[in-house]
Every structure is written in structure tokens, then in C-alpha cells.
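Observations on the model geometry
Residues per chain, in single letters:
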Amino acid sequence: MPELPEVQTVINGLNNLVLGKEIKELVELRHNTIEWQIPVTNLGKIELITRRGKYIIIQTSKNYKLVIHLRMTGKLIFETNLNKTAVHIRAEIIFTDKTKLIFDDIRTFGKIQIMKSADEVEAFNRLGVEPLSLEFDEKYLGKILTKKTAPVKNILLDQQVIAGLGNIYAAEILYRCKLDPRKPGSKLKAADINKIVKYTKEILKEAIKNNGTTISDYRNVEDKTGEFQNFLKVYGKKNCECGAVISKIKQAGRSTYFCEKCQK
DNA sequence: ATTGCTTCCTGAGCGC
DNA sequence: TGCGCTCAGGAAGCAA
């Protein structure tokens, strides 16, 4: 489900709705949803909500953090109406003012980790740069891409290279670059690498502005869909704007959509 | 070291 | 209507 723009949209919503609230308790409704790295009875107030790749990090006043990954179908929905029924609730974060944040997840791949603020998240050691940071530039990407023989689409999906891209945005970025997703990284020219950097930043910013992309399950904190699906050019499309039929192939087990006429 | 296949799980959509 | 198959925004864990 959610890639960087969707995760950022969720975080923006959390900043509006739950920042400053005091956590009363965490309820796990399905085993293996919450991973307590240390036992905690009083988490404190929510002080800071940030993002790293596709991870949501919630810092609290008692120096703990909740690290949440939504994976494919995870949703964080702010509920004031306690009677409203959601079908796949895996955990609830209940606040002292009786409101709650519901963690709903159909496919149960999502996780919430609880740990001390100062402790490092092991998975973060394996993450590459933030695509919207200055660190993500032609020099960084060129150095990595030219050494790899894997298809450029697979490299863009690799969280160790760029943290936050997923299947939809990788497809859209390569479409805007007019690059064939099957092209090996080592075959890319300097001009191609410049385009990838430029359009990655551009597309992610546009998607965040439009509250992310909803294909099926993704919702923001207010249970609303995003709007960027209305601007997709290639993912899930039958035809390209040029009139040609969009090809759908498998790469590393994932669907890749691209236009063989426009993307070389 | 790199690449890519399989796996975790549930539900929707399709053909027969 | 219903069964069985394929597919789905992710990424860890393997095997080649």
C-alpha cells in the first residue's frame, strides 16, 4: 500500500489530530502486531512525529518511540466515535481524552515497535537516502547505479538505495524520464541519472500535495482517499497518452507498467 | 556481493 | 452460485 507520499500524508494528519495527546494504553487485538522491545506502562504524551523511508516514528515525552510500518494494507485511522466498526483492527492506541487511533490492517504485515527514543531501529541501518533530501543527487545515484546490472526499476525499489519509493512511484518516475524499466543500471547515461533525480523529487512532491495515491486500500488518518491516482500516467493504465498500449510485465515478482514506444 | 524468488496474510476479481 | 486460480502500494530471508 503506502509509499513515501502516503506515509507523509498520514504523518501530516497525525500532526493535526494526535500531537500532544497523552497515550493511556496500547491494545493489541491480533498477536504479533505490537513488538515491545522493552516493557512500558506509561508512554507519555506524543511530542514529535517524523518519517524515515516508509516508517512512521512517534516520539513521546517519556523518551519512548513507536515505530510503525504500514506495509501493504495498514491504516492509522483517528476515531472519536467508539461505536464505529472497522473490520480488521489489529491494535488501538487509546488516549487519556478517550479518543483513539486505530491500526487497521487487512493483510497483517504491518507492525508497531515500541522502544526507547535513544535506541536505534535496526531496519534503519539498511535504508538508503531520503529522496527529498539534498543528499539524493546525481552524484549519489550515479555512483550506485553505474555499478549495478539489475534493471533500473528494481534499483529504484531497493530501499537500501532510496528509502521510500514503491511500485507505483517507480513506474511513474521512469515514465516521466522516458526510460525503459528493464534497462540495466550500468547502461544509464549521466543525462538519465539527472532526470531520475529531478523527476523523483518532482513526482513525490506532487503526490504529497495531492495527499498520496489510493488504488484500493490506502486511506489517510481521517479515513479519506488520496487524489494522486487521478494524475498517474502509466501505473494500472491500459493506454499511454501517445496512444500505444501500455505493457505489463513482471520484474522481481512485481508488476511493471510501461510504454514501449515512449520509454527507451 | 548481487539478484531475484518465495513467503508472510486476506480479499477482490476473474474464468469456468 | 461457487470453486479455484491470480493478483495486490512491502520487504525479510534465502538460494543461486
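What comes next concerns the included structure. Sequence order as written defines residue numbering, which begins from 1 separately in each chain. Think of it this way: whatever chain is written first is A, whatever ligand is written first is 1, and the rest follow in order. Two thresholds apply to this predicted model, a pLDDT of at least 70 for residue-level local features and 80 or more for giving and counting side-chain atom pairs, whereas whole-chain, interface and lining totals are computed over all residues. Only hydrogens and water are set aside when side-chain values are computed; all heavy atoms of the structure are taken into account.

**Some words on the nonpolar core**
In terms of nonpolar packing, the biggest core is built from 38 residues, with Leu-141, Leu-156, Tyr-169, Ile-173 and Ile-196 touching the most fellow members. Within the residue set of this core, elements represented by two or more residues are helix H2 (138-145), helix H3 (152-157), helix H4 (167-177) and helix H5 (190-209). A per-element tally of this core places H4 first, with eight residues. The contact definition used throughout considers only heavy atoms, calling two residues in contact when any of these lie within 4.5 Å. Those residues in contact with Leu-141 that sit more than four places away from it in its chain are Phe-136, Val-161, Ile-162, Ile-193, Ile-196 and Val-197. Counting residues in hydrophobic clusters, the runner-up holds 29 residues, among them Ile-46, Phe-103, Ile-112 and Ile-114. Here, the term nonpolar core denotes a set of buried Ala, Val, Leu, Ile, Met, Phe, Trp, Tyr and Cys residues that are joined through side-chain atoms within 4.5 Å. Between buried and exposed lies partly exposed: a residue is buried under 20% and exposed over 50% of the maximum accessible area for its type, with that area taken using a 1.4 Å probe on protein chains only. Elements are defined by DSSP. Helices are runs of H or I of four residues or more, strands are runs of E of two residues or more, and each kind is numbered from the N terminus.

**Looking at the sheet that holds strand S2 (residues 34-36)**
Strand order in the open sheet formed by nine strands is S2-S9-S5-S4-S3-S1-S7-S8-S6, with mixed pairing between adjacent strands. The sheet is open, and its two borders are formed by S2 and strand S6 (74-79), each paired with just one other strand. Recorded for the sheet is a direction-independent mean angle of 25° between the axes of neighbouring strands. Geometry is summarised by axes, namely lines fitted to C-alpha atoms with helices restricted to the contacting stretch, and by angles between N-to-C directions that run from 0 to 180 degrees. In the packing of helix H1 (residues 4-17) onto the sheet, the strands contacted are strand S3 (44-52), strand S4 (55-60), S6 and strand S8 (100-105), and the crossing angle to S3 comes to about 160°. Pairs of strands are assigned from DSSP output, requiring at least two bridges between the strands.

**With respect to a positive patch on the surface**
Each patch is assembled from residues with relative accessible area greater than 30% and no salt bridge, linking like charges that lie within 9 Å and nonpolar side chains (Val, Leu, Ile, Met, Phe, Trp, Tyr) that lie within 5 Å. The protein chains shown are the only cover counted for residues, whose accessible areas, like all others here, come from Shrake-Rupley with a 1.4 Å probe. Whenever a carboxyl oxygen of Asp or Glu lies within 4 Å of a side-chain nitrogen of Lys or Arg, that contact is scored as a salt bridge. We treat Lys and Arg as the positive residues and Asp and Glu as the negative residues; His and chain ends play no part in the count. A charged residue contributes its charge at one atom only: NZ of Lys, CZ of Arg, CG of Asp or CD of Glu. On the surface, Lys-139, Lys-143, Lys-147 and Lys-148 cluster together to form a positively charged patch. With respect to the helices and strands, Lys-147 occurs in the loop between H2 and H3.

**Regarding H2**
Along H2, the residues classified as buried are Leu-141, Gly-142 and Leu-145. For H2, the buried positions fall inside an angular range of 100° around the axis, keeping them on one side. Turned more than 90 degrees from where H2 packs its buried face, Lys-139 and Lys-143 sit exposed. Against H3 and H5 lie the buried residues of H2. Summarising the geometry, the arc corresponds to the directions from the helix axis toward the C-beta atoms.

**Some details on the pattern of salt bridges**
Counted according to the given criterion, the structure contains nine salt bridges. For Arg-52, the salt bridge is made with Glu-130, and the minimal N-O distance between the two is 2.9 Å. Of this pair, Arg-52 sits in strand S3 while Glu-130 sits in the loop between strand S9 (111-116) and H2, placing them 78 residues apart in sequence. When the shortest N-O distance is used, the salt bridge between Lys-100 and Glu-92 registers 3.0 Å. Among the residues examined, Lys-100 registers a relative accessible area of 12% and is labelled buried. Through salt bridges that share partners, Arg-51, Arg-52 and Glu-130 make up one connected network.

**Looking at the pairing of S6**
In terms of burial, S6 is largely enclosed, as six of its six residues are buried. Here S6 pairs with S8 via six bridges, running antiparallel. Bridging across to S8, Phe-78 finds its partner in Leu-101.

**Description of the environment of Ala-163**
Of note, Ala-163 is situated in the loop between H3 and H4. Placed 37 residues apart in sequence, Ala-163 and Arg-126 show a C-alpha to C-alpha distance of 9.3 Å.

**What to know about the environment of Ser-117**
Position of Ser-117 relative to the elements: it lies in the loop between S9 and H2. The class of Ser-117 is buried, set by a relative accessible area of 19%. Residues Ser-117 and Asn-63, spaced 54 residues apart in sequence, show a C-alpha to C-alpha distance of 5.1 Å. Residues in contact with Ser-117, not counting those within four places in the same chain, are Gln-59, Asn-63, Tyr-64 and Lys-65. Looking at Ser-117, its side chain comes within polar contact range of the side chain of Gln-59, at 2.9 Å. In protein, a polar contact requires one atom able to donate a hydrogen and another able to accept it; more generally it is a pair of N or O atoms within 3.5 Å, and residues adjacent in sequence count only if both atoms are side-chain atoms.

Read these as layout, nothing more, since geometry by itself doesn't imply function.
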